[in-house]
Each structure stands twice: as structure tokens, then as C-alpha cells.
Amino acid sequence: MYSRSSALAAVVVLIVVLLLAAAAQSADLKWTPYDRPARYATVVDKEVPIMMRDGVVLYADVSRPDAPGRYPVLITMTPYSKAIAGEAPGYLIARGYVHVAVDVRGQGSSGGTWCNRCEIEQMDGYEVVQWAAAQAWSDGNVGMYGSSYRAINQMLTAALQPPALKAIFPIASSTDDYRDFGRTGGDANFAFIPTWLALVTAAEVIPPGWATSDPIQYVLNDIQHAGALTTTTLPTVIKLWGQQTYDENRVASPYWKLDQIKVPTFLVGGWRDLFVRGETLNFEKLRALKVPVKLLMVDGNHTETSGGSLLPDGDVPGLQQIALRWFDYYLKGLNSRPDLIPPVTVKLKGDGQMETMSAWPRPDIRPRRLYLRGGHRLSTVAPNTLETEDQFAQIYLFGYCSGTSERFILLLGVVPPECATDNTFNEQTELVYTTPVFEADVKMAGPIAANMWIKTTRNEAILSVRVTDVHPDGSSEELSFGLLAASFRAVDPTLSRIIAGENIQPWHPFSRDSVQVVTPDEPILLQIEIYSTNVAIKAGHRLRVSVGPSNFPSYLPPVPQIENSAGGVLTMMHDPQHPSHVVLPIVPPTTWPPLW
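## With respect to the environment of Val 57
And step 1. Of note, Val 57 is situated in strand S2 (residues 57-65).
And step 2. Separated by 54 residues in sequence, Val 57 and Gly 111 have C-alpha atoms that sit 5.5 Å apart.
And step 3. When residues no more than four places from it in sequence are discounted, the contact partners of Val 57 are Pro 49, Ile 50, Met 51, Ser 110 and Gly 111.

## Remarks on the packing of aromatic side chains
Centre-to-centre distance and the angle between the planes together describe a pair of aromatic rings.
And step 1. In the structure shown here, the tally under the stated rule is 29 aromatic pairs.
And step 2. Aromatic side chains Phe 192 and Trp 196 sit 6.2 Å apart centroid to centroid with 15 degrees between the ring planes, which places their arrangement in the stacked category. Of this pair, Phe 192 and Trp 196 both sit in helix H7 (residues 192-204), separated by four residues, roughly a single helical turn. In this structure, Phe 192 and Trp 196 share a single accessibility class: buried.
And step 3. Three or more aromatic residues link up through ring pairs in this structure, and these residues are Tyr 97, Tyr 145, Phe 169, Phe 266, Trp 326, Phe 327, Tyr 329 and Tyr 330.
And step 4. Across the ring face of Tyr 255, the terminal group of Lys 285 is positioned such that the distance to the ring centre comes to 4.3 Å.
And step 5. Geometry around Tyr 97 places Lys 332 over its ring, the cationic atom sitting 5.1 Å from the centre.

## Observations regarding the side chain of Asp 469
And step 1. Relative to the elements of secondary structure, Asp 469 occurs in strand S17 (residues 462-470).
And step 2. One buried charge, Asp 469, has no salt-bridge partner; the nearest side chain with opposite charge is Lys 349, at 8.0 Å.
And step 3. Reaching out from Asp 469, the side chain makes a polar contact with the side chain of His 541 at a distance of 2.9 Å.
And step 4. Excluding anything up to four places from it in sequence, Asp 469 contacts Ser 475, Ser 476, Glu 477, Leu 479, Ala 536, Ile 537, His 541 and Arg 542.

## Thoughts on the state of the cysteines
And step 1. Taken as a whole and assessed by the stated rule, the structure comprises two disulfides.
And step 2. Covalent S-S linkage joins Cys 115 and Cys 118, the inter-sulfur distance amounting to 1.8 Å. Taking the torsion about the sulfur-sulfur bond, which here is approximately -45 degrees, the covalent link between Cys 115 and Cys 118 counts as left-handed.
And step 3. Disulfide partner of Cys 401: Cys 419, at an S-S distance of 2.0 Å. Here Cys 401 and Cys 419 share a disulfide; its torsion about the S-S bond, -95 degrees, makes the bridge left-handed. With Cys 401 in the loop between strand S14 (390-393) and helix H12 (403-408) and Cys 419 in the loop between H12 and strand S15 (431-434), this residue pair connects regions lying 18 residues apart in the sequence. No difference in accessibility class separates Cys 401 from Cys 419, as the two residues are buried.
And step 4. Each bonded cysteine of the chain is numbered by sequence order, and under that numbering the disulfide pairs are 1-2, 3-4.

Conventions used here
Residues numbered from 1 in each chain as written. Predicted model: local features only at pLDDT ≥ 70, side-chain atom pairs only at ≥ 80, totals over all residues. Heavy atoms only, no water. Helix = DSSP H or I, 4+ residues; strand = E, 2+ residues; numbered from the N terminus. Contact = heavy atoms within 4.5 Å. Phe/Tyr/Trp six-rings, centres within 6.5 Å; stacked < 30°, edge-to-face > 60°. Buried < 20%, exposed > 50% of the residue type's maximum accessible area, 1.4 Å probe, protein only. Lys NZ or Arg CZ within 6 Å of the ring centre and 35° of its normal. Lys, Arg positive; Asp, Glu negative; His and termini not counted. Salt bridge = Lys/Arg side-chain N within 4 Å of Asp/Glu carboxyl O. Polar contact = N/O pair within 3.5 Å; in protein donor to acceptor, adjacent residues only side chain to side chain. Disulfide = S-S within 2.5 Å.

Structure representation (C-alpha cells):
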């Protein structure tokens with residue numbers, strides 16, 4: 001008995017030691033240089049036809065090394081016309097890769113009718129991968145590369161598990177259409193979706209290279225393409241604002257299909273990107289599923305993140321250099337050692353450094369509360385007496401000059417550049433709660449929860465919450481934001497992130513049967529998800545929470561919400577029975593401020 005117990009104890013100790021050693025090794029990983037010299041010029045085969053199972057022909061531009069042989073293939077499927085947005089990675093082609101840029105069905109040169117990542121389009125991705133693997137210039141190993149829509153397309157294609165697909169490299173990919181950007185908090189996206197649909201429509205009118213040689217087919221293609229206006233584009237806009245929509249269509253959201261992805265995945269995102277919520281969640285879920293996955297977060301908006309313009313940064317190389325290391329191992333079989341790349345590399349806002357971590361969110365974060373108090377204070381102490389309530393009118397046109405607008409408005413110059421880094425103008429229309437000056441640096445890494453007690457005089461309320469870093473010069477830099485319609489306040493604790501008893505990332509079902517009645521003048525608690533951030537609030541700075549009635553033009557309530565909330569007066573409560581507060585993901589050994 002003694003020897004058996006001793007042996008069991010020894011095994012347990014050994015397992016613990018190995019796990020700790022693995023965790024320490026993972027945390028200690030650092031970026032190291034990796035490169036190969038360019039060897040090839042590039043030749044391009046334009047408008048190569050690819051026949052789909054239903055007879056629709058997709059067209060591709062194939063960029064390949066100018067030497068005979070078989071090479072690994074990288075695929076980018078784009079709705080923005082491959083002629084201008086094929087994202088051909090010249091750096092990789094020069095080092096022995098073929099790149100295939102394909103117009104998705106109904107866009108650019110390709111036939112059919114666009115359906116915005118529907119199941120038919122996803123199956124096209126499967127077929128294109130298998131087609132590429134069988135071509136004379138292919139060695140049978142296929143990867144996918146690209147940003148934004150082209151990144152989401154990779155995730156959806158990988159979930160179908162085409163046999164030839166060996167690795168993907170999604171840059172700026174969302175995970176959940178409803179929560180990430182389309183209907184955040186139950187509100188309707190007003191800035192991004194119309195702008196994006198306009199870009200898709202504009203790209204469609206670019207004539208294909210074969211238009212003059214086959215004008216009849218070109219006209220037929222245009223007729224098919226025009227069908228998307230009534231089947232996809234207009235219905236999207238009408239449903240967006242004309243009616244209340246629910247989380248019922250999950251076809252185009254990778255989150256619900258991540259458990260089908262098996263191939264190694266390198267994820268790139270940005271703290272100011274419109275898809276920031278999904279970028280981190282994609283990593284977290286794939287990591288839990290034991291998929292080889294890495295996460296790199298820059299401090300970029302959608303354009304900067306997608307284009308890789310903020311790299312290299314410190315030891316982190318350029319985007320295509322990283323992709324070379326990734327694909328060299330998984331497609332070429334070279335000893336590029338992607339296992340030595342840190343699991344997580346994230347920009348630390350406020351400090352400017354790149355941090356490496358073993359996981360995201362950091363497993364050591366400690367939830368801490370800051371209470372909204374009378375006198376527009378943020379305090380570590382909960383209210384113990386009745387304090388003066390704060391009010392504002394339910395007006396939907398506030399939010400223009402804010403960091404949120406920079407996330408969602410794609411057209412440069414629409415929002416003044418100073419609005420991207422300073423919310424003080426917009427804060428004139430919001431309730432503002434601010435801490436005293438921090439005497440020491442405070443680090444936060446992860447999602448934030450805003451638990452807001454409110455009353456309204458109507459049957460609906462929309463609440464926007466922003467968290468900002470107030471610099472010594474008074475500028476208020478937005479770190480992240482959240483939004484929620486009161487009727488959607490139901491929370492599913494089984495899908496929420498609860499740490500040390502605090503729900504730091506509430507999950508709302510947004511389903512028809514989860515809708516809750518909003519009774520005028522009755523206190524209700526809104527648990528609002530604030531998107532993840534990674535920041536050091538430096539000594540001499542302050543932390544601010546601003547609360548308002550809207551986040552326009554990024555979001556605008558749909559008609560039913562406007563009908564039920566227009567003209568209402570919303571009251572922010574902060575008393576012992578209704579202690580409104582935010583829950584922050586504090587990183588030890590941060591010295592939490594003294595009691596305020």
C-alpha cells in the first residue's frame with residue numbers, strides 16, 4: 001500500500017511539475033527573427049475560371065513563381081473585386097508560394113448572386129481549396145490568407161474541413177455577427193454596415209478582364225449580380241432599422257462553427273478594430289479546443305490592422321514575415337518553429353510595448369469594482385447613503401466625436417482625427433464619472449463589465465458606456481465601449497465569464513423569448529459587456545466611465561426601440577440598494593488605489 005501510494009504521489013508531483021514547466025516555458029517565449037531570401041519573380045494568370053458544383057463559374061487571378069515546379073497555394077476569397085482587393089502577398093510569392101485571389105460568387109468577375117457568406121458561398125470555399133490542390137502548379141498543400149471579410153471566409157471554410165487545407169492566417173476576423181458589430185447590445189449598426197455595403201456594391205461594377213472578349217456573358221453576369229440588391233443588400237438594410245432582430249441567423253458567424261476547425265490558425269487583431277471582441281474570443285475558443293493557434297493584437301483600427309501598417313513593432317516582425325514562418329512549417333514542412341512564437345502577443349496601450357502571454361485573457365486577472373458615485377466620482381467604496389441621482393434624455397444623436405466612431409466609420413476623414421484619441425467633446429452630452437489621479441500604474445487586461453442601475457420614464461432604454469484613460473492634459477482616450485437595450489438585459493450565466501464571483505463578461509441571449517418588459521420608473525439592472533482591452537493607466541492619469549443615451553453614428557436603435565424609448569428620461573442610480581459600478585480586470589501585482 002505504501003509503495004503504491006508513494007508511486008501515485010510521485011506521478012502527481014511529476015504531472016504538476018511538467019504542467020508548471022510548460023506554462024513557464026510558454027510564458028517565457030519571445031519573438032525571434034525568421035526569414036528567407038526572395039528567389040522568384042512573379043507571373044500572373046488573369047481570370048482563371050473555376051467551375052462550381054452548380055455550374056456557376058468563379059474567376060481567379062493566380063500569382064505564382066516564374067519557375068516551373070509545384071508550390072504550396074494560398075487562397076484569398078474577396079467580395080471587393082480581386083482587381084483591387086485580392087491581397088496578393090508578393091513577399092510570400094517571391095519565396096515559393098502560389099497565391100489565388102478569387103472573386104466570391106456574385107462579385108467582381110464571378111458569376112452567380114452574392115449572398116454574404118451564406119452556406120452556398122462557404123461551400124464554394126471548400127471547392128476552391130480542393131481545386132487549387134489539384135492544379136499543375138500546386139504541390140497539394142493549401143493555406144488561406146487575408147483580412148476582414150476575407151478572414152471570416154477563412155474561418156468558415158476551415159470549419160468545412162476541406163482535406164487539402166493545412167493552415168489559415170485570418171487578419172481582423174469577427175466571430176459573432178450579432179454581438180461583435182451588427183447588433184451590439186440589440187442596437188443596429190448605423191455607420192459600418194451601410195458603408196460596407198456601399199463598398200461591396202461599388203466593387204461589383206468593376207468590369208472583369210474578359211468583359212470585352214465576351215460581352216454577352218458580362219451582361220448576363222451583371223444581371224445575376226443585380227439580384228443581390230433584392231436578396232441580400234436591401235433586406236439587410238431594411239431589417240437593420242425597420243424591425244427588431246434577434247440572434248437567430250448564425251450561418252455567417254464563425255463562433256458557432258469553431259469546434260469544426262482543426263487546422264493551425266494564426267489570428268491577428270487590433271484594440272481599436274471593429275472586430276476586437278471576436279478576435280480575442282476566436283483565440284480563446286480554438287485554444288480550448290486544442291487547435292494550434294496564436295493571437296497577435298496591435299493597437300490599430302480596422303484599416304491599420306488589416307493592412308499590417310503598425311508592424312514591425314519591437315521584436316515582432318512584419319505581417320507577411322510572420323505568415324512566412326507560419327506557412328513554411330505547415331505547408332512546406334520547413335523547420336521554422338512556429339511553436340516558439342508566444343501564444344499571445346498584445347500591444348499594451350498606455351505603455352507602447354508589445355507583451356507576450358501564455359493565454360488570453362490572462363489567467364491571473366483579479367476583478368475589482370469601481371462604483372459610480374454622486375458628484376460624478378468613480379470610487380473603490382460602495383455608496384452607503386442615498387446620493388443624488390443623475391439624469392439625461394433619451395436622445396439618439398450623441399457619440400460622433402468618440403473613439404467608437406473611429407472603429408466603425410471606414411471612410412477616412414469623416415470623423416475628425418482628434419476624436420479618435422479624445423472623447424472630451426462628446427462627454428459634454430454624457431454623464432461622466434472619474435477617479436482621482438492614480439499614484440501608481442494600474443494594468444488591466446481583459447473584458448470589462450458595467451453593471452448599471454437605471455430607471456426610465458418609457459418602456460425601453462438604450463444605454464451606452466465608455467471607459468477612457470484621462471491623460472494629464474485632460475484628454476480622454478477611449479479604451480473600450482459597450483451598449484445595451486434594456487429589454488435585452490437577460491443574462492445567461494452559463495455562457496458568461498465569471499471570475500471570483502464577478503460576472504466580468506455577461507452573455508446576453510438576444511432571443512425572442514429572452515426579451516424582458518421595461519416598466520416605467522422601475523429600477524432595473526443592466527449588465528453591459530465592455531469589449532476587451534490591454535492597458536496600463538499610468539501614474540498621473542485618471543480612469544473615467546461615461547454613460548449616455550446613444551452611440552451615434554456607430555449605432556442607431558431600430559424603429560421599435562425608438563418608438564418605445566423616444567422622449568424618455570433615463571435616471572442613473574447610485575445608492576446602497578442600487579450600486580452602479582464597473583468591474584475591471586486588474587493585473588497583479590498592480591497596487592490597487594487606496595480607498596477613495
